[in-house]
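Remarks on the overall topology
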Amino acid sequence: MSIRQSTKYLSVLSFCLLIVSSLVAKAEDSTSTATPYRPTVSNPATLSAPGWLEMELGWQTIKGGGDKWRNSLPFLAKLAFTDDWGVLVGNELAVRRTDFDDAKYEGVGDTTLIVKHRISSGVEGIDWGVEAGYKLPTAKDTIGSGKGDFILNGIYSADFSASHLDLNLGATRLGAIDDGDGRLQYNWAASVSHNLNEKWGVFGELSGVYQHNASTQFQLMTGASYNYSNRIVLDAGLTVGLATASQDWSIFSGVTVLLDNLW
């Protein structure tokens, strides 16, 4: 990576981290708590605190899979209107991918818009959830698919002892497919997190993707989280591919921040 490319890539991360660091001093002043969705593939059924804008920002580097290398800064903004309804807006603020011919491409990623609904089971610690949305092809076709996708995801979440379980099962109607491949892509994920104490937690996740006439993907993710405060949660970990079409491995780190109360 050239000096110019490195500077441009890191400047985006530095600017975002500067915003996050400016919130640290007042992070202890609220009784509301952050609700991290990152870094797992699966999402919980619960939403972030109603009326609060919550931001997730991460860094990841991926080896193998669809690219030789891929570096990106995934971003997600969350806003819940009530305990049961909210919206999510996600993107990759910067992407740098290297294909298997060593050609390099840079840009921003596609934008995902999601409406989320939590469905209470009536049993404490158990909830269901539904997410529906659309992926806008805001990335260049050298970064993204160049087509829009429709997204639907179902969620089951449960608390037990000091642990939490999230099961996700979803389908995406792809806008861009190869000849002979199925239009629908099915995805599943099962994640378990465990609190070691008030500050530290660990998590593990199995996830996969199935598409007719395309190679099936499986991966295992593991990592740890640290509650810096009730409004700031840090995370880091590793993902290992378990199938030929999956990524070889990836490393990641990031932060979830409950920004401010909008109403």
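Everything below is about the structure printed above this text.
All of the points below concern the structure found in this document. Quick caveat, the model's predicted, so the values are computed rather than measured.

The omega angle of the peptide bond from Arg38 to Pro39 is 5 degrees, so this bond is cis rather than trans. Tracing the backbone through its elements, the reader meets Pro39 in the loop between α1 (3-21) and β1 (52-64). With a phi angle near 70 degrees, Asp102 is a residue other than glycine that sits in the positive phi range. Relative to the helices and strands, Asp102 is located in the loop between β3 (85-98) and β4 (104-107).

Turning to the pattern of salt bridges, a few remarks are in order. In total, this model carries 14 salt bridges according to the counting rule given. With its nearest N and O atoms 3.3 Å apart, the salt bridge here joins Glu131 to Lys116. Taken together, the residues span a long stretch of sequence, with Glu131 in strand β6 (residues 126-136) and Lys116 in strand β5 (residues 111-120) at a distance of 15 residues. Each member of the pair Glu131 and Lys116 is classed as buried.

Strand direction decides the pairing type here: β1 and strand β13 (residues 247-261), joined by 13 bridges, are antiparallel. When the bridges of β13 are listed, Gly64 appears paired with Gln247. In this structure, strand β12 (residues 232-241) lies alongside β13, joined through 9 bridges in antiparallel fashion. In the strand pairing of β13, Leu234 is matched with Val255. Once β12 ends, the chain turns through 5 residues before running back antiparallel as β13.

What follows is about the environment of Ala245. Relative to the helices and strands, Ala245 resides in the loop between β12 and β13. Judged by its relative accessible area of 27%, Ala245 is partly exposed. Here Ala245 is in contact with Gly65, Ser215, Thr216 and Gln217, once residues within four sequence places are set aside.

Turning to the packing of aromatic side chains, a few remarks are in order. The tally for this structure, following the rule as stated, stands at 7 aromatic pairs. Ring centres of Tyr186 and Tyr210 lie 6.5 Å apart, and the angle between their planes is 25 degrees; on these two criteria the pair is classed as stacked. With a gap of 24 residues between them, Tyr186 in strand β9 (residues 184-195) and Tyr210 in strand β10 (residues 200-211) connect regions that are remote in the sequence. On the basis of relative accessibility, which here comes to 39%, the residue Tyr186 falls in the partly exposed class.

Turning our eyes to something else, we now look at the pairing of β5. Sheet topology places β3 next to β5; 6 bridges connect them, and they run antiparallel. Counted as the bridge partner of Gly90 is Thr112 from β5. Relative to β6, β5 runs antiparallel, the two sharing 10 bridges. Bridge pairing in β6 places Ile114 opposite Gly133. Between β5 and β6, which pair antiparallel and follow one another directly, the connecting turn spans 5 residues, one of which, Gly122, has a positive phi of 85 degrees.

Calculation rules
- Residues numbered from 1 in each chain as written.
- Predicted model: local features only at pLDDT ≥ 70, side-chain atom pairs only at ≥ 80, totals over all residues.
- Heavy atoms only, no water.
- Helix = DSSP H or I, 4+ residues; strand = E, 2+ residues; numbered from the N terminus.
- Salt bridge = Lys/Arg side-chain N within 4 Å of Asp/Glu carboxyl O.
- Buried < 20%, exposed > 50% of the residue type's maximum accessible area, 1.4 Å probe, protein only.
- Pairing = 2+ DSSP bridges.
- Contact = heavy atoms within 4.5 Å.
- Phe/Tyr/Trp six-rings, centres within 6.5 Å; stacked < 30°, edge-to-face > 60°.

These values are about where atoms sit, not about what they do.
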